[in-house]
Each structure stands twice: as structure tokens, then as C-alpha cells.
Protein chains: 4
Amino acid sequence: MKKGVMRPGHIQLRVLDMAKALEHYVELLGLIEVDRDERGRVYLKGWTEVDKFSVVLREADEAGMDFMAFKVLDEATLGRLTEELVAFGCMVESIPAGELKGCGRRIRFSAPTGHRFELFAEKEQTGKWGIAEINPEAWPRGLKGMRATRFDHALLYGDNLPDTLRLFTEVLGFDLAEQVVDPHGNRVAQFLTCSMKAHDVAFIQHGEPGKLHHASFFLETWDDVLRAADLISMTNTSIDIGPTRHGLTHGKTIYFFDPSGNRNEVFCGGDYHYPDHPPVTWTAAELGKAIFYHDRELNERFLTVLT
Amino acid sequence: MKKGVMRPGHIQLRVLDMAKALEHYVELLGLIEVDRDERGRVYLKGWTEVDKFSVVLREADEAGMDFMAFKVLDEATLGRLTEELVAFGCMVESIPAGELKGCGRRIRFSAPTGHRFELFAEKEQTGKWGIAEINPEAWPRGLKGMRATRFDHALLYGDNLPDTLRLFTEVLGFDLAEQVVDPHGNRVAQFLTCSMKAHDVAFIQHGEPGKLHHASFFLETWDDVLRAADLISMTNTSIDIGPTRHGLTHGKTIYFFDPSGNRNEVFCGGDYHYPDHPPVTWTAAELGKAIFYHDRELNERFLTVLT
Amino acid sequence: MKKGVMRPGHIQLRVLDMAKALEHYVELLGLIEVDRDERGRVYLKGWTEVDKFSVVLREADEAGMDFMAFKVLDEATLGRLTEELVAFGCMVESIPAGELKGCGRRIRFSAPTGHRFELFAEKEQTGKWGIAEINPEAWPRGLKGMRATRFDHALLYGDNLPDTLRLFTEVLGFDLAEQVVDPHGNRVAQFLTCSMKAHDVAFIQHGEPGKLHHASFFLETWDDVLRAADLISMTNTSIDIGPTRHGLTHGKTIYFFDPSGNRNEVFCGGDYHYPDHPPVTWTAAELGKAIFYHDRELNERFLTVLT
Amino acid sequence: MKKGVMRPGHIQLRVLDMAKALEHYVELLGLIEVDRDERGRVYLKGWTEVDKFSVVLREADEAGMDFMAFKVLDEATLGRLTEELVAFGCMVESIPAGELKGCGRRIRFSAPTGHRFELFAEKEQTGKWGIAEINPEAWPRGLKGMRATRFDHALLYGDNLPDTLRLFTEVLGFDLAEQVVDPHGNRVAQFLTCSMKAHDVAFIQHGEPGKLHHASFFLETWDDVLRAADLISMTNTSIDIGPTRHGLTHGKTIYFFDPSGNRNEVFCGGDYHYPDHPPVTWTAAELGKAIFYHDRELNERFLTVLT
């Protein structure tokens, strides 16, 4: 948090059918529906998240990610980062408070990879879901499905990783936590963090800009990953791969698809990062193991199925 | 244990290179080497097994299973079952005590699937490995690799499942615990138990007789299955599939290959069976899910790579 | 299962207030209510149990166990064991079919420890709860609380352990799986099994006859034991001890009390037993560690709070 | 990390007998011995820690903590914080680089609770133990005992919590993550973080200044907590309490003592914290549950056995 960017604050996903999407994100993943707005968007969160929401679903003709936002420390930080983004050369747009219900003003900009990001400082804090503020129990009864605890990060595919790295590290104060480097020294994957997590956002080099590989949600244990896998089968949900482990970050994971074709991940564990840690490096020759630590080879889907 | 057959007692596996095999079964799976004989065979066991050995490795030009043996209650049972096997029409051969070190006399017969089985009543009891007989600790320090606890069962491919079922249930007192039935009512997989386990031996219908699909070893937890998966990667061992769950038995599992190409499984959990339980039935239409509960489709290897 | 006794079939417990008891056994333990009878008794089962019920609650002025029953292979077995019980010197009473709904005729006898036991051969089989008979999923959605999978065993306090051992081994075909022996060679605890489990019923030497120490229910994992512990706190249920491990059986466990003061256990894991295994022996000097493996000392409650 | 303080960097503990202490911290906890110095101090670390060491053992006549240090971002931060500490009224002492082998210069100061703390910016980075820097495996083979991953935090007992809170929040940029408040509004426990962890250091109100309650080490899973508990028994190590969960932080934990009487904790899980999160508050009336979530009562040892 060198520059005051704290964490992923929300992600807005496009879904083709809201009812099916809610069946997926609420009944299967176990996110909590917290609000809806007049535009038909539905607001969700994981139960451990203190802020009002972290996932916004918008019905649209095409799946994918509208934008991903990070919460910053305060309004002063937001102002300072706006200036630095402009100085870096970004087009910065201001979205008024309330455009997302309960969220303060946001500034929006595009990364060189073609993805839209936002920063904001204020969001209504409704507290962890289902447990008291004073003397809180360990977890709430009544959670559904996978019991996802929080929106954790997104993996995005796009072009121009070097400039995007500069933007995130120099302007926004992220660290390069993990990377994949090809034999020519080019970085083909970069995992960026503004916290102790191994990634708050990650990018993989790809010809087409602005694509979403997956939105990821955190679980508590490897037993919960198994439970997620079981539920994927029970609900006849499209699975991608897993349960398995990643080489990068060493998280324990499973990938699957929402009814619109957006890839989801639920995972647990994973390495921690501090700002003085050198980046963890995998070589492109070991890319298969870097991504799927047990199978040690990529499936075609991982590189081509995007939204 | 309706007829006095207690459990799988040992399996003799053919390996192409003994040194590599021991690296695999001792260092990776964590079996304990307990003895060798003048024929060059090496005797192993899982640490929880009270009898002296449960796995015998024999160096040969071709991988596969020589035979699998069951321990019966006592010599009287052995005598009675010999008679019944003969009455059933089996050729029964007697192997003198000591042919396997520490093992009493064995009777050997072939099942209609083309696999050789043995029964025996006596084997030297050396106790659980690494813990005291009086006031035993929960587990021994010094276990290696996957810390496999016991040889659990084998899955065998061959022809003539109906007669094999009759042999195992009518003569040997096994129950049919789980099965896969095709639309014509033919049983294409039969999982047989002489205990509370969902399978002590299992058969899948296959044109070629006498083939080994895998030898399976028991782990304690799903965390141990992950640990096994990690070790498979770290040692660059050939993986088949997993970590995953089976639909049949609902065990949590990973498949991989020994250096000779014999498939191994390590797994935990799984359903329990009692003699009054009706068999659990899967339909052939759901065979993929029956075998690999999460992926819900078979890989080609599962049906064709045998030893 | 040397003599045809398969497993614990049911336990009838006395509770002081049925509504509170159901809140405990259904909402907290997660047993399924399956029926009630005209005497006001309520029938419960764990979700993996194929038979109709395994726990019967009866409202009474005093807590404790009315009787514990074992299911035997068939009516012929029931007849033969009746004769043997009489020959052993037991008073045997016959309870007609239907006295417990869905249960065939039972024979009832008292053990020298003062506990009433029953045998029966027939009980309506309703199948595992919440999953299909064909192509069954790994577990049902909608389980409550601790999601106890089955009634597993009871630990009983009473006098005259040697005769009780003879009754259970010689007449009923149980094995002595584990024991605690004092310096004079007296057995002060005996754990008896008719299956692969480390205990289907257990006895501890005690001056007063016919007391219940605890009724025990099986969980799948150590994570489930933690979840049970959390739920005990969340519901302000009286805890005894745990989460911890036993030295005897090495099961992972937690003890707590129902609203009537009957002690319950939920546990996972534990050693397996075969008929040829010598009994596992703990010395009375290590009784604390035998019971509570981590604390290595008994609490006073363990020895004195009984129903 | 509002003011550039990143994490706990090391703790120096006094032990009565170095050989016994190493048996405990290396063989049982599984810390790695990395160096010794001419003063006889021994340097240890957890395997995931990138810096050279995190625990220093010093043989002395009395157990306890000499000091605990935090690593800051860089030398500029160290300089700035020195000034602020002096301005706050702390006596600040400078320790030259190399006084601890591989560590840069440290500044030392006392907190109002009577504990000595240090800040430093430079320490030799030797990387995670036992895995390659490029394409790192998930974990190293050859870890011992509990396989503690890192020194995580310390809980300290002393007086004057309000001034200590001001020092840590205003000068060092920590957040108050969790607290226990008595009916008069006095804070009797304060858990402070400079990261996403629920505590990097914690204080409990106590009459005597400068006491150590425990030094805590991080494990990966609840299964690892069980393994730690088992090892505590196997090695006849003095246990305090556990396995259990805390109410505060909700971490899963076990407490035990080193041979000198210093209390250790190993734990996993626990809540995460961000700077905008309000502190989690427990009331003193629920102090038992706040500390030991399952037992819901303190043992006397927790409040009185300190070093």
C-alpha cells in the first residue's frame, strides 16, 4: 500500500441472463445479494467483506468485465492519484457518487492492456454479513453453496504488459509479486499486489486487448475447494479444471464458468508478499507447471476461452 | 466377512527396474521396506499394517500384477474355502509356507477374469511400523513421501464379470458394494468388499483378460491427497488424473504411474458398506461422473492404459 | 462379524424436554427426523445410514440410555443368537415387530454391566437421506449443523467388565479392539468391535451399573470437528472437552452435552481393526493420555458426569 | 503500512539452555537454524521467510523477550521514524549494523508497556528455505516437526496500553485491528497490525511491565494444528491449551511452552484487516470466549504465566 491503494473494491461483470447469473453467484458461489439499482444491476458481496458490495452484475448481450475498481485510503489519496494518472498519460473520467449505490465518486481510467479500472475512497460499510459487530462469531450460519468469503482478484488478458506494469507500480504503488518470463526476457505474465496477497490483479500477454480470464473468490480451506468441486458437479456447472494447485502463488484452486461463459475461480491459500520481496519468477518453459502445478501442462481453454 | 475372508493381504507387482521402483514405492509413496528374498523380491508395507508385508515387488520384463492375496480368519477357513473353490470349478494350487518370507501356505486360483488370486491364513505379525505396541502414539515420526497407510485394493480389467461375481460372493463371501450397469442390464463394473470398505477388489469389463488397472493405497485426509499431488510434481512422476473425487465410492483420489507404467492410486475417504446394504448403482450413461466425479468425463487413458 | 452381528442399529435415549432435544439433535448435530410414534418418541438418523432410523428419543424424568441395539445379518442369526444368549445365562425378552416403527422383532437382554441391549434383523431401509439411489451425489444439500453422518457407538460405564467381555466376544462375536489395563492386570476399559471400526461399543469399569458416558456420532473430517466446536459455541451448548484426539483409537473428537445432560461425541478418523489384530493396549498409568491424547490428563467430569 | 513499517522482523528470546531450546525450536517447531554468532546467539527462521532470520535465541538466567523488531521499507523511512519516535518522547538507541549478523543498523526504543522494540531497514535476503528462486516448488522436502512457516507476532503483557496505542498508530502507522473493552470503556487488550494480518503485535493490560505472553508462528492448515498437537504429546512438551480457536482474530491455535517456560503459539487462519476496517470489538464480559472460543472460559495460566 505504498501509494494508498488498499484493495480490490469491486468488479462489474456482464451476464447474459440475470436470473441464471444470480442462481450461479448467490446459490452456488454463496455471495450475498445486497442491493439492486434502477438500471437492473444487482450488487453482491462475500460474507467477510466489510464494504457494502464487491461484485456488480449487469445484464448485457455479451459477457465480460466492464471494469474493476480499487479502494484507496481516503479522498486526499484519490485526488493525488488522479493527478498522477493524468500525468502518466491516462484519460481519467469522473463518475459521481451514487452511480453505484452506496459508493462514493469514482475515477475511471484505462490501462494499456485495454481494461477499464476505477479508484474510489468511500463506500458504505455494512459490516461482515451475518455476524454481530460486537463479539463476532467465527462465521455466520445460513451461508449458501461454496461460501465464498470475498472477491479476491481478477486475471486479465491484454497487450502491452510493460506499460501496464509501470502504471500499476509507479502510479498506483503496486508491487510485482510474481511473473513469467520468456527466453528473450519478456514478461508474459505479471501478478501485481497492493497488499500481502500474491495478487490483487494479474495480467497475461495476449493479442486482443481488454479480455477477462477470470474473476476469483477466496475460500478458507482445501476442504472448501473440494466442496466447491462437488457443488459444481451437483449443479451440472461447466468446469474448467481442478481441484488443483497453481505453481504461480501456489494457491489451491478450481476454475469453472458462470452461465454466461465468464470464468470464475475459487481458491484458498497462496503465498504472501511484502514490498521488499523480489518477484517470484517462473520461466515460460515451465509455464504449464506455473499455471497447473499438478498436471504440468496447459489445456487449450486456459489460453483461448476469454470473455 | 461372511465366509472368513478378512482383507487384501498382499499384491505382487512386476517392475522393470527394482531400484527405480523402490525410489517410487518407498521414497515417494512412503511404504516401508521390510525384507528381501533370495529371488530378489522386495517386501513392503504401509505403516498401519500389522502383518509383515502387503506389497511384493518382482523385477521382470513386463509390468503388471502377478497375483493378489486375501487373508482369511484361520487354517480351518483356508481348508474349507479350498474345497469350495474346487467345487466351484477353480484349479487350486498350493504354495508352501515360506515361499513368501513370513507368510504361511497359500492357495492360488484364477478368477474368470484371468487374474490370479491367493488365500492365506498366517503371516508374521510385526505390528504397526514405528509406534510402540503399548500406549501407541498417533503416528510414527520418520515417514516418507505420501505416508501411505496401507495397501487398500486393486482395480482389475478382464472378461467374464458375472462368473467372477459369483465366485467372489458365493464362494468367498464378498458383497457387491457398487456397480455400473449398462442400458441392457449388463454389469460393466463391479466393486466387491469383504469388509466395511466400499471395495477390497474391483473389476471392470474388458476384452483382454488379466490386466491391472491400478493398485491403491490409503491416505488419511484430503490434505494428504494434495500433499501426494505436490510430491508427484516435485518428483516429476507421471500423473494420470487428480486430485479429484470418484462418483463410485465417493473416495477422494489421485492416479499416477510407477516407473514401470503400473498405475497407482492414493485416496482417502469413501463410503462404507454393510452386508445388508443394497449395491450402489451407477448407470453407464453416467460412467464419466461415476469414475471422475468432478470432470464428469473419462480420459482415454483410464480405459486403455493397463499393465 | 464372526457371529453375524453387523453394527450398532439404534440407541434409545431419554431426554427431559423433547423440543429442546430436537433443537439439539436435529438443528445442531444435523440428524434427520424421520418419524414419531404414538408414545411420543421421535426417530432420527444420520444422513449416510441406509436403515430408517438409528436414534430414538424418549421424553422422561431422567436422562440416560434405555437400550442400545445391534443389527444382525438375518432372522436365522437372530434365532441362533437368542439361544446362545440364553445358554450364556442372559434373561432374554422378545419385543414384537413394530414396537419401534419400521423395526422388526427385537430380542432384549442385559449385559453384566447393567445395560440393556437388543438385537434385531429387520428394519425398513429408506436409503441414504437426500441423495438418489441411482448415481448418488457425494452428499446431500440441505444438511444442518454438524452434519453428523451416523450413530457410531456408545461408551458405557458399569461393573463386571470381564463377564461382559465374554458375552460380547463368545456369544456375539465381537473382538476386543482396544483396552486399558491396570498394574494388576485388570482391564478397566474395553473397546469392542464387530466390524472394522475401533469400537462399536465400549465399556469403562465403574461402581454404579448401567450408566451412559456418551453416544457418539461420526463426522467426515477434522475440519468438521472444528465446525462442530464452532457450532457448540455459537449455540451456547455445554462443552465437555475438545477439539482433541483420543489416545485410544486415535480418533479426533469433541465432547459436549445435550440439554438433558447426556454427553455426546462427534468424531472423525480413528484406527481400523481386523479380527486377527491383537488388542491395542494402554496402561492405566497413561490413562490421561489414552483418553485425551493432547492434554494427557483426565478432567474430573470424564469420570463422574454420567447419565 | 501507512508509515512504512512492513512486518515483524525478528524477536530475541532468552532461553535457559541453548541445546534444549534448539531441540524445541528446530526439531519440534521446525524452524531452520541459519547462523550463530560469537556471543553464542543462534539465528532461526521459518521456511517461507525471505530474510535471513526472524528468531534469535540467547542463553540467559531468566526466560523472556529481549526485544521485538519491525522491518521498515528503507533507510529513509528508518530516519524519518527515528525523528518521530524522539518527538513522541521515546529514548531511541542506535545499534550498529552487524550487531546481529546480516542485519543492518537498528534503532531501539521502549514502549510505554515496558517492552523494547526495534526498527531496521536492511537484512540479508537468503530467500525461502529449501526451494529454488526460479520455478519454486510448493514447499521444501525435509522440513521438521510442526513445519512452522514464519514468526508471525507476539502477545505482550504490560501497563499503559493507551500510550502504547498512540505510539503504534500515530508514529508507526499501525491500525487497531481488534480490542477488548471493559464496561468502563477501558481497552484491556489491543491487537495491532501494520499489514493485512489481524495482529503483528498485541498487548494485554497487566500490572507488571515488559512481560512476554507468547511468541507466535504461522502454520498453513487446521490439519497442521492437529499435527502440532500430536507432536507436543509425542515429545512430552508442556501444553497450555488447544487445539482450539480464538474469538479474537478467529485464528485456530494451540499454546505450549518451550523448555525455558516461554509460551509459544502455532496457529493458522484468522481474519484479515484493511486500514478502513473499524476495529473488531469484544467486551470484557465475553473475555473467555474472546480468548478461547470453544471453552468460553480462561484458564488461570493464560493470565498469570508470563516470562
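Residues numbered from 1 in each chain as written. Chains lettered and ligands numbered in written order. Predicted model: local features only at pLDDT ≥ 70, side-chain atom pairs only at ≥ 80, totals over all residues. Heavy atoms only, no water.

Draft legend 1. The arrangement of unusual backbone geometry in detail. Here the amide bond leading from Gly242(B) into Pro243(B) is cis, since omega sits at 0 degrees, within 30 degrees of zero. Within the secondary structure layout, Pro243(B) lies in strand 14 (residues 239–245). Non-glycine residue Arg147(B) carries a positive phi angle of around 55 degrees. As for its placement among the helices and strands, Arg147(B) is situated in the loop between strand 8 (116–120) and strand 9 (150–158). Assessed through its relative accessible area of 17%, Arg147(B) is described here as buried. Not every positive phi belongs to a glycine, and Asn160(C) is a case in point at roughly 65 degrees. Following the sequence through the fold, Asn160(C) ends up in the loop between strand 9 (150–158) and helix 3 (161–171). What makes Asn160(C) partly exposed here is its relative accessible area of 28%. (Helix = DSSP H or I, 4+ residues; strand = E, 2+ residues; numbered from the N terminus. Buried < 20%, exposed > 50% of the residue type's maximum accessible area, 1.4 Å probe, protein only.)

Draft legend 2. Expanded view of the pairing of strand 11 (residues 187–193) of chain B. Residues and elements named next belong to chain B. Burial analysis of strand 11 places 5 of its 7 residues in the buried class, the great majority of the element. With 6 bridges joining them, strand 10 (residues 175–181) and strand 11 adopt antiparallel strand pairing. Across the sheet, residue Glu 178 finds its bridge partner in strand 11, namely Phe 191. Count of turn residues in the strand 10/strand 11 antiparallel hairpin: 5 residues, of which Gly 185 carries a positive phi of about 85 degrees. The pairing of strand 11 with strand 12 (residues 201–205) spans 4 bridges and is classified as antiparallel. What sits directly across from Gln 190, in strand 12, is Phe 203. (Pairing = 2+ DSSP bridges.)

Draft legend 3. How the structure looks around the interface of chain D and chain B. Taken residue by residue, the interface counts 14 residues in chain D and 14 residues in chain B. Taken over both partners, the interface formed by chain D and chain B buries close to 1300 Å², and the fraction arising from carbon and sulfur atoms is 53%. Counting across the interface, chain D meets chain B through 0 salt bridges. Inspection of the region where chain D meets chain B yields 4 residue pairs in polar contact (both at pLDDT 80 or more). (Contact = heavy atoms within 4.5 Å. Buried area = accessible area lost by both parts, 1.4 Å probe. Salt bridge = Lys/Arg side-chain N within 4 Å of Asp/Glu carboxyl O. Polar contact = N/O pair within 3.5 Å; in protein donor to acceptor, adjacent residues only side chain to side chain.)

Draft legend 4. Expanded view of the interface of chain A and chain D. Taken together, the contact between chain A and chain D spans 42 residues of the former and 42 residues of the latter. In total, about 3600 Å² of surface goes out of reach between chain A and chain D, with carbon and sulfur atoms giving 54% of it. Counting across the chain A and chain D interface gives 9 salt bridges. Here Asp276(A) makes a salt bridge to Arg7(D), at a shortest N to O gap of 2.8 Å. At the junction of chain A with chain D, the criterion picks out 22 residue pairs in polar contact (both at pLDDT 80 or more). Those elements that place two or more of their residues in the side of chain A that touches chain D are strand 1 (5–15) and strand 17 (280–283) of chain A.

Draft legend 5. Summary view of the UniProt feature "domain: VOC" (unreviewed entry) in chain A. Residues and elements named next belong to chain A. UniProt annotation of "domain: VOC" (unreviewed entry) refers to residues 7–122 and 150–269 when read in the numbering used here. With 22% helix and 39% strand, residues 7–122 has end C-alpha atoms that lie 13 Å from one another. Counted over residues 150–269, helix gives 20% and strand 46%. Its end C-alpha atoms are 13 Å apart. (UniProt positions renumbered as here; feature names shortened; annotations may be inferred.)

Draft legend 6. Main features of the sheet that holds strand 2 (residues 32–36) of chain B. Residues and elements named next belong to chain B. Taken together, 8 strands build an open sheet; the order of strands is 2-3-4-1-5-8-7-6 and the sheet is mixed. With one partner strand each, in any of the chains shown, strand 2 and strand 6 (93–95) form the two edges of the open sheet. For this sheet the average axis-to-axis angle between neighbouring strands, irrespective of direction, equals 25 degrees. Of the strand pairs in this sheet, strand 3 (residues 42–45) and strand 4 (residues 55–59) are connected by 3 bridges, and their pairing is antiparallel. Along strand 4, the bridge assignment pairs Val 42 with Leu 57. (Axes fitted to C-alpha atoms, helices over the stretch in contact; angles between N-to-C directions.)

Draft legend 7. Region of interest: the environment of Glu286(B). Assignment of secondary structure puts Glu286(B) in the loop between strand 17 (280–283) and helix 5 (287–291). Each C-alpha atom, one on Glu286(B) and one on Ala177(B), is 18 Å from the other, the two residues being 109 residues apart in sequence.

Draft legend 8. View of helix 4 (residues 222–234) of chain D. Residue and element names in this part refer to chain D. Its 13 residues place the ends of helix 4 18 Å apart at the C-alpha level, agreeing with the 18 Å of an ideal helix rising 1.5 Å per residue. Of all 13 residues that make up helix 4, 13 are buried, and the element is covered over most of its length. Phi for Asn 236, located one or two positions after helix 4, is positive at around 55 degrees. (Expected span 1.5 Å × (residues − 1).)

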